[in-house]
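# Examining the three-dimensional arrangement
What follows is the residue order along each chain.
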Amino acid sequence: MKRFLTIITIIMLVPYVNQAQDLADALRYSSYQVQGTARSGGMGNAFGALGADFTSVSINPAGVGLYRSGELSFTPTFGQTLVKSNYLGTSMEDSKYNFSFSNLSYVAAINTSNRSETGLISLNVGIGFNRLKDFNSTMLAEGHNAQSSFLDYVTSNANVGNWSDYYEQLAWDTDLLIFDENNNEYWHDIQDAGYGQSQQKSISKQGAVDEFSLALGMNFNHKLYLGASVGIVDVYYKESSQLKEWDRNNNIPYFNEMSFDSYLRTSGTGYNMKIGVIFKPTNEIRLGAAIHTPTFYNLHDVFDTEMTSFITYTDNTSERYEKQPEYISEYDYDLETPLRATFSGAFIIAKKGLVSMDYEIVNYGSANLRRGGDGYNFVEENQEITDAYRAVGNLRLGGEYKLTDAVSLRAGYELYPSAYNSNAFGASQPNADANLNVYSAGLGYRQGGFFFDVAYRHSVIEEFDSLYPAPVTNDFPTPEMASFNSLRNRVMFTLGFR
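Notes on the structure in this doc start here.

Criteria and cut-off values
Residues numbered from 1 in each chain as written. Predicted model: local features only at pLDDT ≥ 70, side-chain atom pairs only at ≥ 80, totals over all residues. Heavy atoms only, no water. Helix = DSSP H or I, 4+ residues; strand = E, 2+ residues; numbered from the N terminus. Rg over C-alpha atoms; globule rule 2.2 N^0.38 Å. Buried < 20%, exposed > 50% of the residue type's maximum accessible area, 1.4 Å probe, protein only. Contact = heavy atoms within 4.5 Å. Areas by Shrake-Rupley, 256 points an atom, 1.4 Å probe, with all protein chains shown as cover. Core = buried A, V, L, I, M, F, W, Y, C linked by side-chain atoms within 4.5 Å. Phe/Tyr/Trp six-rings, centres within 6.5 Å; stacked < 30°, edge-to-face > 60°. Salt bridge = Lys/Arg side-chain N within 4 Å of Asp/Glu carboxyl O. Patch = residues over 30% accessible without salt bridge, like charges linked within 9 Å, V, L, I, M, F, W, Y side chains within 5 Å.

### A few points about the overall build of the chain
- What the chain contains, in helices and strands, is 7 helices and 23 strands.
- By the compact-globule yardstick of 23 Å for 498 residues, the chain fits well, its C-alpha radius of gyration being 26 Å.
- Each principal axis of the C-alpha atoms in the chain carries an extent, and together these give about 95 × 45 × 40 Å.
- Of all 498 residues assigned to the chain, the portion counted as buried reaches 55%.
- Within the chain, counting contacts between residues at least 6 apart in sequence, those at least 24 apart form 74% of the total.
- Element-wise, carbon and sulfur atoms account for 54% of the exposed surface of the chain, whose accessible area totals about 20,700 Å².

This is the structure we're talking about:
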């Protein structure tokens, strides 16, 4: 039962910082939606068969072969992430604005001496970066008359001998965890009073995943384009959270309030390779395919916690406690993300417009944690990854229409299905239907050697999470779930010179 409840806690996509490396870490760095130029962003990033845009290096590097001239571009991005929550009948919302750069790139088009328009026409080299994922967000959830507590998790751990300096020791030092010598077990005041307390959880996330690429593309006969790239991926992720519980109705003896703060910072680098091909059977049709190797990450975690409490004793004296662990936890480990395959098609419409589609296949269950800094081999965690996650097909659709030779309108749609199996470990997974939908539109202007693109992207996803882990024994209630509806709005601008 202990193992079952622990796994179910992890599966619920808990927005809760934990110093252990597990399947949540594997998914965090394996799932992404590429953010490159505004032209690609406005067309749903469906550029696997189109090319001639640096975003395609992160999708199908053969697209570098379609450049006819050199190009320099950069893309600033401004956005807002709004998260609406509902927990125990109370609705809350929180938002965060963010400014970043999602693309900076240069491509050199090197024409060969071949003037016959057959054989190798050009050899193009591109260097730059695309943002793969943006973590920046804040969220807030609050509810009243709760029927479980974070202290259930701490107490159940203590009763089975799972004692951590970052959880149970802090609860003991702040007088929240109590030992009953008569029954030889730990308990807490909220449990003894039958619950009914108020709860609040705030979470702040920062950071991004950026891919720096060196790509080579070849143009054969203006029909066949081959490409390859080497990518260095930079990861920075920081999450700070605070969980509060308090006795708003003054129904719990002794206990007044508590808070538990946690902090996680992950940094590291990875590397990968991509190969791709684009074929033009006619001037109107383009077909593309690409394979992405796993990204091989070396990651470093820094983890810390803090707990405070306010207790009133039987003699009416009150005490405030504030405790931290003696040491900050640090840990090194490796992660291999899944292999990816992308199949693409595009149709050019009378030189006035185009439609494009990418279909990307990725099996999140094949991600693997490797080589813990203390020699740990993650056998159980990798089996849980395999059992909890599934293979999905990500869909990207885009279109463009030329109003004039200089001005173009664009639109796109992206669907990223949930990585979770419907059932795992004998239980339903609440986020199995948590699909990410992205809607986009854009405008482009090209004149001579200058171009300017702007795009608006709106993404939405609803997930169900608990505010804290479930207890590891069955003598405590299971935490209620909160819903989090995340809305991201991004405006992208690309300036380019040819």
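Moving on, there is more to tell.
### Remarks on the nonpolar core
- One finds Y29, Y297 and Y389 to be the most contacted residues of the largest nonpolar core, which totals 37 residues.
- For this core, the element with the highest residue contribution is helix 2 (residues 23-30), accounting for 4 residues.
- Residues in contact with Y29, not counting those within four places in the same chain, are F135, V235, Y237, T266, Y297, L299, Y333, L335 and T337.
- The next biggest cluster of nonpolar side chains, apart from the first, holds 33 residues, and it includes Y87, A141, Y195 and I311.

### Quick notes on helix 4 (residues 150-159)
- With 9 of 10 residues buried, helix 4 lies mostly within the body of the structure.
- For helix 4, the set of buried residues is F150, L151, D152, Y153, V154, T155, S156, N157 and A158.
- Residues of helix 4 that are buried make contact with helix 5 (168-173), strand 6 (185-187), helix 6 (189-193), strand 8 (224-246), strand 9 (255-279) and strand 11 (296-312).
- Downstream of helix 4 by a residue or two, G161 has a phi angle that is positive, lying close to 85°.

### Details of the packing of aromatic side chains
- Tallied over the full model, the rule gives 24 aromatic pairs.
- When the ring of W163 is compared with that of Y186, the centres are 5.6 Å apart and the planes differ by 45°; the resulting orientation is tilted. With W163 in the loop between helix 4 and helix 5 and Y186 in strand 6, this residue pair connects regions lying 23 residues apart in the sequence.
- With 6.3 Å between their ring centres and 25° between their planes, F452 and F493 make a pair best called stacked. Highlighted residues: F452 in strand 22 (residues 450-466) and F493 in strand 23 (residues 481-497), separated in sequence by 41 residues.
- Accessibility expressed as a relative area gives 33% for F493, which makes it partly exposed.
- Each member of the aromatic cluster is reached from another via a ring pair, and the members are F150, Y153, Y166, Y167, F260 and F303.

### Concerning the environment of E322
- Within the secondary structure layout, E322 lies in strand 12 (residues 318-323).
- Since its relative accessible area comes to 55%, E322 is described here as exposed.
- As a C-alpha pair, E322 and S309 span 13 residues in sequence and 6.7 Å in three-dimensional space.
- Excluding residues that lie within four positions of it along the chain, E322 makes contacts with E306, M307 and T308.

### Let's talk about the environment of Q80
- Turning to its location among the elements, Q80 is positioned in strand 1 (residues 71-87).
- A C-alpha to C-alpha distance of 41 Å links Q80 and D189, two positions 109 residues apart in sequence.
- Setting aside its immediate chain neighbours within four residues, Q80 contacts S95, K96, Y97, L487, R488, N489 and R490.

### A look at the pattern of salt bridges
- According to the stated counting rule, one finds 17 salt bridges in the structure shown.
- With a closest N to O distance of 3.1 Å, R28 and D25 form a salt bridge. Taken together, the residues R28 and D25, both in helix 2 and 3 residues apart, mark about one turn of the helix. The burial state of R28 is the same as that of D25; both residues are buried.
- Through salt bridges that share partners, R39, E400, R410, R446 and D453 make up one connected network.

### Details of a nonpolar patch on the surface
- A contiguous nonpolar patch, built from L72, L104, Y106, I110, V125, I127, L214, L216 and F497 and spanning about 790 Å² of accessible area, is present on the exposed surface.
- Of all elements in the fold, only strand 2 (90-111), strand 3 (120-134) and strand 7 (198-220) reach the threshold of two or more residues within the nonpolar patch.
- Broken down by element, the residue count for the nonpolar patch peaks at 3 residues, all from strand 2.
- Tracing the chain through its elements places L216 in strand 7.

Function-wise, these values are silent; they only describe arrangement.
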